[in-house]
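Coordinate analysis (summary)
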Amino acid sequence: MAAPFAWDELDQYKQGKRFLDGYPPDTRTFFSPYDDVHGALKAVLASAQHSIVINMYGYDDDELDAIIRQKLDDEHVFVQMSLDKSQAGGVHERTLLANWQNDKLGNSIAIGMSSRGAISHLKIVIVDGVYTVKGSTNWSLSGEQKQDNEVTLSRNAVIAAETRALLDVNHDNMLKQMAAARAKAAAPAEKAPAKPRGRRFKPAGAPTG
């Protein structure tokens with residue numbers, strides 16, 4: 001069962017246990033290494049009841065991954081993950097996909113590059129089509145607790161819808177990249193064309209034999 005998510009209690013993850021007066025009602029921002037960015041991310045991910053959609057550059061947080069795996073195992077939660085190929089750590093895509101139960105109903109995992117062949121540098125997650133998490137923070141303890149980084153949570157459904165459309169395009173593009181790579185690997189190697197055997201030129205008057 002999903003853990004309850006209390007938007008009005010997110011101040012517990014701020015260093016001073018409060019947000020500034022006049023803060024926008026649908027926005028909450030946290031800064032590493034001062035605020036508890038890790039705790040805020042855990043809270044919003046654990047609250048997912050219907051869907052989690054991720055486009056993540058750096059993915060190396062065991063606790064966040066454990067939450068994602070629980071959601072992947074829950075047939076009532078749709079999970080879509082788009083991960084940057086350069087950050088796969090050398091692990092074969094097939095192994096990663098198997099670990100994240102890509103073949104299970106409601107799960108879709110893609111690993112690839114941007115549509116222009118560069119890194120996919122986004123760090124975004126959308127939970128239940130309402131909460132959008134953006135910022136500079138990679139999912140690693142270093143990124144969340146040591147580096148200078150920022151995470152902003154929004155509970156604006158319009159922002160979530162706009163962002164989701166972009167993440168879906170990225171995901172579709174990565175799936176096509178993976179399909180093209182598999183097709184290329186499965187295709188038989190092309191043989192080099194045989195060199196034509198031309199007639200040997202013999203000067204006039206040259207001896208035979």
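As shown above, the structure is provided for reference.
Because the structure is predicted, anything quoted here is derived from the model rather than measured.

What to know about helix 2 (residues 62-72)
Those residues of helix 2 lying buried are Leu64, Asp65, Ile67, Ile68, Lys71 and Leu72. Here the buried residues of helix 2 occupy an arc of 160 degrees about the axis, which is enough to place them on one side. In helix 2, those exposed residues whose orientation departs by more than 90 degrees from the buried face are Asp62 and Gln70. Between a side-chain oxygen at the N-terminus of helix 2 and the backbone nitrogen of Glu63 the separation is 2.9 Å; the capping residue is Asp61.

Topic: helix 1 (residues 37-46)
Within helix 1, 8 of the 10 residues are buried, which leaves it mostly tucked inside the rest of the structure. Here helix 1 has its buried residues at Val37, His38, Gly39, Ala40, Leu41, Ala43, Val44 and Leu45.

Quick notes on the packing of aromatic side chains
Taken as a whole and judged by the stated rule, the model has 5 aromatic pairs. Between the aromatic rings of Phe5 and Tyr131, the centroid separation amounts to 4.9 Å while the plane-to-plane angle is 75 degrees, which identifies the pairing as edge-to-face. Note that Phe5 is positioned in the segment before strand 1 (27-32) and Tyr131 in strand 7 (residues 131-135), a separation of 126 residues in sequence. With a centroid separation of 5.7 Å and an interplanar angle of 40 degrees, the aromatic rings of Tyr59 and Trp139 are classed as tilted.

Re the sheet that holds strand 5 (residues 107-112)
Here 7 strands make up an open sheet; going across it, the order is 1-9-7-6-2-4-5 and the pairing mixed. Here the strands that pair on one side only, and so sit at the sheet edges, are strand 1 and strand 5. The sheet shows a mean angle of 10 degrees between the axes of neighbouring strands, direction not considered. As defined by bridge partners, strand 1 adjoins strand 9 (residues 149-154) across 6 bridges and the pair is classed as antiparallel. Each residue of the ladder has a partner; that of Thr29, found in strand 9, is Thr152. The strands touched by helix 2 are strand 2 (51-56), strand 4 (78-84) and strand 5; relative to strand 4, the strand with the most contacts, the crossing angle is about 135 degrees.

Thoughts on the nonpolar core
Membership of the largest hydrophobic core comes to 35 residues, with the highest contact counts inside it found for Leu45, Ile68, Met81, Trp139 and Leu153. For this core, the elements supplying multiple residues, two or more each, are helix 1, strand 2, helix 2, strand 4, strand 5, strand 6 (123-127), strand 7 and strand 9. Here Leu153 is in contact with Phe5, Trp7, Leu10, Asp26, Thr27, Arg28, Phe30, Val44, Thr132 and Val133, once residues within four sequence places are set aside. With 5 residues, the next largest nonpolar core counts Ile124, Ile126, Ala160 and Leu167 among its residues.

Brief notes about the pattern of salt bridges
Enumeration over the complete set of coordinates arrives at 7 salt bridges. Salt-bridge contacts for Glu63 lead to Lys42; the nearest nitrogen and oxygen are separated by 3.1 Å. Taken as a pair, Glu63 in helix 2 and Lys42 in helix 1 lie far apart in primary sequence, 21 residues in all. Note on Glu63: relative accessible area 42%, which makes it partly exposed. The class of Lys42 is partly exposed, set by a relative accessible area of 29%.

Some details on the pairing of strand 4
Along any regular strand the residues' side chains alternate between the sheet's two faces. Burial analysis of strand 4 places 6 of its 7 residues in the buried class, the great majority of the element. Bridge count between strand 2 and strand 4: 6 bridges; the pairing is parallel. Across the sheet, Asn55 pairs through a bridge with Ser82, a residue of strand 4. Pairing of strand 4 with strand 5, which is carried by 6 bridges, proceeds in the parallel orientation.

Comments concerning unusual backbone geometry
In this model, Ser32 is joined to Pro33 through a cis peptide bond whose omega is 5 degrees. Structurally, Pro33 can be placed in the loop between strand 1 and helix 1. For Lys17, which is not glycine, the phi dihedral falls at a positive 60 degrees. Relative to the helices and strands, Lys17 is located in the segment before strand 1. For Lys17, a relative accessible area of 52% puts it in the exposed group. With a phi angle near 55 degrees, Asp128 is a residue other than glycine that sits in the positive phi range. With respect to the element layout, Asp128 can be found in the loop between strand 6 and strand 7.

Definitions and limits used
Residues numbered from 1 in each chain as written. Predicted model: local features only at pLDDT ≥ 70, side-chain atom pairs only at ≥ 80, totals over all residues. Heavy atoms only, no water. Buried < 20%, exposed > 50% of the residue type's maximum accessible area, 1.4 Å probe, protein only. Helix = DSSP H or I, 4+ residues; strand = E, 2+ residues; numbered from the N terminus. Arc of directions from axis to C-beta. Polar contact = N/O pair within 3.5 Å; in protein donor to acceptor, adjacent residues only side chain to side chain. Phe/Tyr/Trp six-rings, centres within 6.5 Å; stacked < 30°, edge-to-face > 60°. Pairing = 2+ DSSP bridges. Axes fitted to C-alpha atoms, helices over the stretch in contact; angles between N-to-C directions. Contact = heavy atoms within 4.5 Å. Core = buried A, V, L, I, M, F, W, Y, C linked by side-chain atoms within 4.5 Å. Salt bridge = Lys/Arg side-chain N within 4 Å of Asp/Glu carboxyl O.

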